[in-house]
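# Chain and residue survey
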Amino acid sequence: MKRMWGAVVVMVFLAAAPALGDETPPAGKEGFSLLTNLKPYLQVRPRYEYVDAGNPALRDAHAGTVRTVLGLGVEKLAGLEGASVYLEGTNVSAVSEAYDSTSSAGNRDPRYAAVADPTFTRMTQAYLRYDRGKTRFIAGRYRLTLDDHRFIGDVGWRQMPQTFGVVSVRDTSVERLDLFLAYLYERKGVRDELNNRNASALVRVGYDFFPELKAALFGYLLANFHDTYGLRLSGSVEGPVKLGYLAEYAFQTTPSFKHDYSGGKKNSDFYNAELSAEKWGVKAKVNFVRFGKARGAAATGFSTPYATLHAFEGWADVILPKAQNGDRDGFTDIYGTLGYTGKALGTVMAVYHKFDSIRNDRDYGDEWDFLYARNLTERLSFLVKAAIYNSGDQSDPVTRFDVRKVWVMLTYEYK
């Protein structure tokens, strides 16, 4: 692994080196330039994360971590127009190790509250891409995301992102039609314990009727989890106030792809409704989300194991296990967002969530989230955010503790 990381470093510096020299193409290589055909990428993201898990058996976490990403893209591979390759390695190191990564990969210390940022190095992306007209083919490992990450995401908030081994094709040749097909042969989660090599299939067909109505049908057949089929409708209306909406419905059945599967019969559904309004940089939004309960002999309700879960049901991640693994009783999340974005000030945001179970209508607690983010320079940005979760049902092992989290983060990016 150390050799791999060293190789990535060397490649990136070799790619960047010509920027210090002459751009004149070598003799006999007219039209070729390292400056235009090699694309280096660098990201450095130091972050401090504080966690008070509310559990008297755990010490508060103070996680000081740094994510370093080095990448190199090569365009016109072998002189072929539309062909390219991209390689990227990611390292997560710890400055302060007073936390439990919950992973065998690095920094496992069960005395502390959990912060899912193990210290290790991984080749996060390595893929070949070929663009022919409005059709794109990709083969290899990359950060696959679909729509708003609700079902398929890269978990970019965590220091080590989620990536997939994929063979995919996306075609937009027909006006307003977006067709995506993918075969997943591997998943690399934010922790090694989430990795698998089970074959899965993804299908998404989108059609933009007009700005006020965009539709997508999807089928995500995740091996050993479930098959998810759904419809997504969204749109916006321009006027004195920009109005937007999102409506989603999905249902899950027993997985078509099984590898030693023992999860029982699946039968659950999901609803998501959103309304938003935007004016002068101020945006307000209300959401109703429903993760269906288990039916019959099924062990769990609706789940989204490959989603960017941190983005949705509260930044404290208390409800995250229920969304990731499914909750037998199901749950609802009613939340409102109010924010402002301006060039001088940056972005400020506040979010309030109210969680309840579907079966027996139990209180799953509520949560306040706050964020401030601003670009300091063209390549450097700053973010601070906090999550305050107030406990719900004391008989539920997930919701019985108050949780407090704070993050302070800088991001430097060169591309």
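Rules of the game
Starting afresh in each chain, residues are numbered from 1 along the sequence in its written order. Restriction of local features to residues with pLDDT of at least 70 applies here, the model being predicted, together with a cutoff of 80 or more for giving and counting side-chain atom pairs; totals for whole chains, interfaces and linings are based on all residues. Side-chain metrics in this entry use all non-hydrogen atoms of the structure; hydrogen atoms and water are not considered. Strands are runs of DSSP state E lasting at least two residues, helices are runs of H or I lasting at least four, and both sets are numbered from the N terminus onward. Three labels apply to residues, based on accessible area from a 1.4 Å probe with only protein chains included: buried if under 20% of the type maximum, exposed if over 50%, partly exposed otherwise in between. Whether two residues touch is decided by their heavy atoms; if any such pair falls within 4.5 Å, the residues are in contact. Whether two strands pair depends on DSSP finding at least two bridges between them. Here a salt bridge means any side-chain nitrogen of Lys or Arg lying within 4 Å of a carboxyl oxygen belonging to Asp or Glu. Buried residues of nine kinds, namely Ala, Val, Leu, Ile, Met, Phe, Trp, Tyr and Cys, make up a nonpolar core once their side-chain atoms join them within 4.5 Å. The predictor attaches a confidence to each residue, and that confidence, scored 0 to 100, is pLDDT. Any two of the Phe, Tyr and Trp rings considered here, Trp counted by its six-membered ring, make a pair once their centres fall within 6.5 Å; the pair's planes then place it as stacked at under 30 degrees, edge-to-face at over 60, or tilted in between. Only when the NZ atom of a Lys or the CZ atom of an Arg is both within 6 Å of the ring centre and within 35 degrees of the ring normal do we say a charge sits over the ring.

### Observations regarding the environment of A344
One can find A344 in the loop between β14 (331-342) and β15 (346-357). Residue class for A344 comes out exposed when judged on its relative accessible area of 62%. Separated by 87 residues in sequence, A344 and F257 have C-alpha atoms that sit 51 Å apart.

### Some remarks on the environment of A250
In this fold, A250 is placed in strand β11 (residues 242-253). With relative accessibility at 0%, the residue A250 sits in the buried group. Residues A250 and G64 lie 186 residues apart in sequence; the distance between their C-alpha atoms is 39 Å. Residues within four places of A250 in sequence aside, it is in contact with F151, F218, T228, Y229, G230, S268, D269, F270 and F302.

### Remarks on the pairing of strand β17 (residues 380-390)
Sheet analysis places strand β16 (residues 363-375) next to β17, joined by ten bridges and oriented antiparallel. Looking across to β17, one finds that A373 is bridged to L383. Between β16 and β17, which follow one another and run antiparallel, lie four residues. One ladder, built from ten bridges, connects β17 with strand β18 (residues 403-414); its direction is antiparallel. Within β18, the position partnered with A387 by the bridge is K405.

### Section: the pattern of salt bridges
Any two side chains of opposite charge can pair, given that their charged atoms come close. Counted according to the given criterion, the structure contains 30 salt bridges. We note a salt bridge from R362 to D329, for which the minimum N-O separation is 2.4 Å. Within this pair, whereas R362 is found in the loop between β15 and β16, its partner D329 is found in the loop between α3 (320-325) and β14, the two being separated by 33 residues in sequence. As a salt-bridge pair, K354 and D356 come within 3.0 Å of each other at their nearest N and O atoms. What makes K354 partly exposed here is its relative accessible area of 25%. With a relative accessible area of 18%, D356 lands in the buried category.

### Focus on the nonpolar core
Core analysis: the biggest nonpolar cluster contains 46 residues, and L144, F151, I152, L184, L202 and Y220 have the highest contact counts within it. Ignoring sequence-local partners within four residues, the contact set of Y220 consists of L146, D147, F151, I152, A201, L202, V203, R204, H226, D227 and T228.

### Points about the confidence of the model for the protein chain
On average, residues of the protein chain score 91 in pLDDT, and 91% of them reach the 70 mark or higher. Segment residues 1-30 is flagged for pLDDT under 50; beyond a separation of four residues in sequence, or across chains, it makes 35 contacts in the model.

### Quick notes on the packing of aromatic side chains
Using the criterion set out here, one finds 22 aromatic pairs in the structure. Both rings, one in F291 and one in F302, keep their centres 6.0 Å apart while their planes meet at 75°; by these two values the pair is edge-to-face. Separated by eleven residues along the polypeptide, F291 in strand β13 (residues 282-291) and F302 in the loop between β13 and α3 bring together distant segments of the chain. A relative accessible area of 1% means that F291 is categorised as buried. For the ring pair W368 and F370, a centre distance of 6.0 Å and an interplane angle of 5° mean the geometry is stacked. An aromatic cluster is defined as three or more aromatic residues linked by ring pairs; in this entry it consists of F151, F218, Y220, F270, F291, F302 and F331. Of note, R59 hangs over the ring of Y112, and the distance from its end group to the ring centre comes to 5.4 Å.

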